[in-house]
Amino acid sequence: TQLLEQSPQFLSIQEGENLTVYCNSSSVFSSLQWYRQEPGEGPVLLVTVVTGGEVKKLKRLTFQFGDARKDSSLHITAAQPGDTGLYLCAGARASGTYKYIFGTGTRLKVLA
Amino acid sequence: NAGVTQTPKFRVLKTGQSMTLLCAQDMNHEYMYWYRQDPGMGLRLIHYSVGEGTTAKGEVPDGYNVSRLKKQNFLLGLESAAPSQTSVYFCASRDGDLTYEQYFGPGTRLTVT
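Novice: Would you take a moment to explain the sheet that holds strand S3 (residues 19-25) of chain B for this structure?
Specialist: The strands that make up a sheet pair up through hydrogen bonds in the backbone, lying either parallel or antiparallel. Residue and element names in this part refer to chain B. In spatial order, the strands read S1-S3-S8-S7; together these four strands make up an open sheet with antiparallel pairing. Two strands close off the open sheet at either side, each with one partner strand: strand S1 (4-7) and strand S7 (65-67). Neighbour-to-neighbour, the strand axes of this sheet turn through a mean angle of 20°, independent of strand direction. When S1 meets S3, the two strands line up antiparallel, connected through four bridges. Its bridge partner lying in S3, Val-4 is registered against Gln-25.

Novice: Would you explain the side chain of Gln-6 of chain B in this entry?
Specialist: Residues and elements named next belong to chain B. Examined against the element boundaries, Gln-6 turns out to sit in strand S1. Of note is the side chain of Gln-6, whose polar atom sits 3.0 Å from the backbone nitrogen of Cys-91. Once you skip the residues sitting within four places of it in the chain, Gln-6 turns out to touch Leu-22, Trp-34, Tyr-89, Phe-90, Cys-91, Gly-105, Pro-106, Gly-107 and Thr-108.

Novice: Would you mind going over the interface of chain A and chain B with me for this structure?
Specialist: Size of an interface, as often reported, equals the accessible area lost when the parts are brought together. Chain A puts 24 residues into the contact, and the matching count from chain B is 23 residues. Both sides together, the interface formed by chain A and chain B hides about 1,800 Å², and carbon and sulfur atoms give 55% of it. Among the residues chain A hides against chain B, the three largest losses belong to Tyr-98, Tyr-100 and Phe-102 of chain A. Together they make up 34% of the total. Scanning the region where chain A abuts chain B turns up two residue pairs in polar contact (both at pLDDT 80 or more).

So, how was this worked out
Residues numbered from 1 in each chain as written. Chains lettered and ligands numbered in written order. Predicted model: local features only at pLDDT ≥ 70, side-chain atom pairs only at ≥ 80, totals over all residues. Heavy atoms only, no water. Pairing = 2+ DSSP bridges. Helix = DSSP H or I, 4+ residues; strand = E, 2+ residues; numbered from the N terminus. Axes fitted to C-alpha atoms, helices over the stretch in contact; angles between N-to-C directions. Polar contact = N/O pair within 3.5 Å; in protein donor to acceptor, adjacent residues only side chain to side chain. Contact = heavy atoms within 4.5 Å. Buried area = accessible area lost by both parts, 1.4 Å probe.

In structure tokens, the structure reads:
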């Protein structure tokens, strides 16, 4: 059972465009992470959000945790070819848990 | 400081063969994880360990066994490989309960024919 659904699954855009990726669940998470994965490599953590409604920014990337802690979004402003990759969200079900549930992934391609 | 390393990088097995994947971390992390990644499925947790000598089952543990005899190493074993175990396997480690970041290895691509 996949508890975290990401949309869209695939996204191909031109350099300079904006985009938003969504991570949705019917379950509540104590924390949620976003990772980026490049071909042939393991995922690399971008951000962790822990408070409902929390917004974090990482240069052109803006991450938001839903008020009810069931969903999250990743917004990229003025996308660049270097943003190309697989974006994964991952949630921890309870505080102090050792386990994460990963989303299905969004594969982004930014064309120059 | 190599972070998380995985051995081997690639492997092809015949159905019924066995093998062990090795994960090593040099960050003195308490927690270690084994995931598999299949197209359209994200990462799914196979087994994990919260300390030396301890292991626990994740979402998809069937057909796999693990051991954590030393803090820095986490081994994933396939006793009798099946084509359904064709996947990319990732190991990850995490410092402790107060930190969230998982550090991933580069992955092992396994094909079972």
